[in-house]
Number of protein chains: 2
Amino acid sequence: MPAAERFALYLSKHRLKMTRERRALLEHVLSVRGHFDVDDLLRRLGRTGHRVSRATLYRNLPVLVESGLIHKVEMARGQARYERMVGRHHHDHMVCLGCGDILEFESPEVERIQEEVCRRKRFVMTGHTHQIRGYCGSCAGDGRARGKER
Amino acid sequence: MPAAERFALYLSKHRLKMTRERRALLEHVLSVRGHFDVDDLLRRLGRTGHRVSRATLYRNLPVLVESGLIHKVEMARGQARYERMVGRHHHDHMVCLGCGDILEFESPEVERIQEEVCRRKRFVMTGHTHQIRGYCGSCAGDGRARGKER
DNA sequence: CTCTAGTTGCAACTCAGTCTCAATTATGAT
DNA sequence: ATCATAATTGAGACTGAGTTGCAACTAGAG
């Protein structure tokens, strides 16, 4: 099912309305590749003449997340980034502390173990976060690599 | 090596001083069992007559983290909690969205896979976060379980 | 077309954490 | 033991991400 349709369906199912702002947001969110944050989005929307307030963004990103179109990635110290999820499958992240770059990885093996752990502890999993921090190839090479974890 | 000594060593190595405040903080941090946040700590310190300001706590928790005595656990939306690490080994967390309880799990298997992934992507890992969110046994049982992820 | 529940922008607000600065203090050198 | 000095502290102002209250606006069911 195309993303726009899927979103419309989600909205009507929850008695939410397809406003001009949500339409603009949807369109942009689908066209970005890579990870983005609220300010990126705000800038992009501004550039194309769509006036959408910061509050509206903050109110609607969770809607997009819950409809499954995007995914929220919590970075250190409560900085949130998002990524498009349409047509992609689950993966986790490696965050470079040098250049801020985000690599992706996936491991069915880890997923399996997680489920196993939950079963054993009678825990009903609704989601998870798995992030590896460190330095990517180029940053580890030059001097920058010896940063600290806090 | 006893924790206090280890801390003293860390301090002198970094030209940091063993102040009254750091001593109080150390003592409390070692005695708490389970996870705690800055306010817990502040309350505890207050109750035992140690006056340590919030700023000082925020300044020194990273020092304790870097000396390896405690570990920082980043929760959703930038709420940080800490846990004692002396005499314990690495583990990850399952957070109950119902009661807020934190269970621990460990999997050498997952650790191994992580390292494998890093090697393959030429990524130098300095740390990681692996959290499972969901509902613990008792919360999943009663009605509370169907909460939402955002 | 009408009605109404949902939505928006704005600005004021919250909350965790950081920073500034003057006063204080631990520690290595004398 | 005393000194010199670099580190540390508390208080409160500040920051930045995100939230909220409210009056005006609007999508969409009937």
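Criteria and cut-off values
Residues numbered from 1 in each chain as written. Chains lettered and ligands numbered in written order. Predicted model: local features only at pLDDT ≥ 70, side-chain atom pairs only at ≥ 80, totals over all residues. Heavy atoms only, no water. Helix = DSSP H or I, 4+ residues; strand = E, 2+ residues; numbered from the N terminus. Expected span 1.5 Å × (residues − 1). Buried < 20%, exposed > 50% of the residue type's maximum accessible area, 1.4 Å probe, protein only. Arc of directions from axis to C-beta. Contact = heavy atoms within 4.5 Å. Least-squares fit on C-alpha atoms with pLDDT ≥ 70 in both. Near = heavy atom within 4 Å. Polar contact = N/O pair within 3.5 Å; in protein donor to acceptor, adjacent residues only side chain to side chain.

Q: Lay out helix α5 (residues 108-121) of chain B with the relevant residues and their values.
A: With 14 residues, α5 of chain B extends 20 Å from end C-alpha to end C-alpha; this agrees with the ideal 20 Å at 1.5 Å per step. Listed as buried for α5 of chain B are Val110, Ile113, Gln114, Val117 and Cys118 of chain B. Each buried residue of α5 of chain B sits inside an arc of 140° when the element is viewed along its axis, so together they form one side. Every exposed residue of α5 of chain B that faces more than 90 degrees away from the buried side is listed here: Pro108, Arg119 and Arg120 of chain B. Buried residues belonging to α5 of chain B abut β4 (92-96), β5 (102-105), α5 (108-120) and β6 (124-135) of chain A together with β6 (124-135) of chain B. Where α5 of chain B terminates, the next one or two residues include arginine 122 of chain B, which has phi positive at roughly 55°.

Q: Could you give me a rundown of the relation of the copies chain B and chain A, with the residues and numbers involved?
A: After a rotation of 180° and a shift along the axis of 0.0 Å, chain B superposes on chain A with an RMSD of 0.1 Å. Viewed as a symmetry operation, the transformation between the two copies matches a two-fold axis.

Q: Give a description of the protein's contact with DNA strand C that names residues and reports values.
A: Looking at DNA strand C, there are 22 residues lining it, with Arg22, Ser53, Thr56 and Arg59 of chain A together with Tyr58 of chain B nearest. Contact distances for DNA strand C include 3.2 Å between a phosphate oxygen and a backbone N or O atom of arginine 51 of chain A. With respect to DNA strand C, the side chain of arginine 59 of chain B contributes an N or O atom lying 3.4 Å from a base oxygen. Contributions of two or more residues to the surface near DNA strand C are made by α2 (20-31) and α4 (54-66) of chain A together with α4 (54-66) of chain B. With four residues, the top contributor of residues to the surface near DNA strand C is α4 of chain A.

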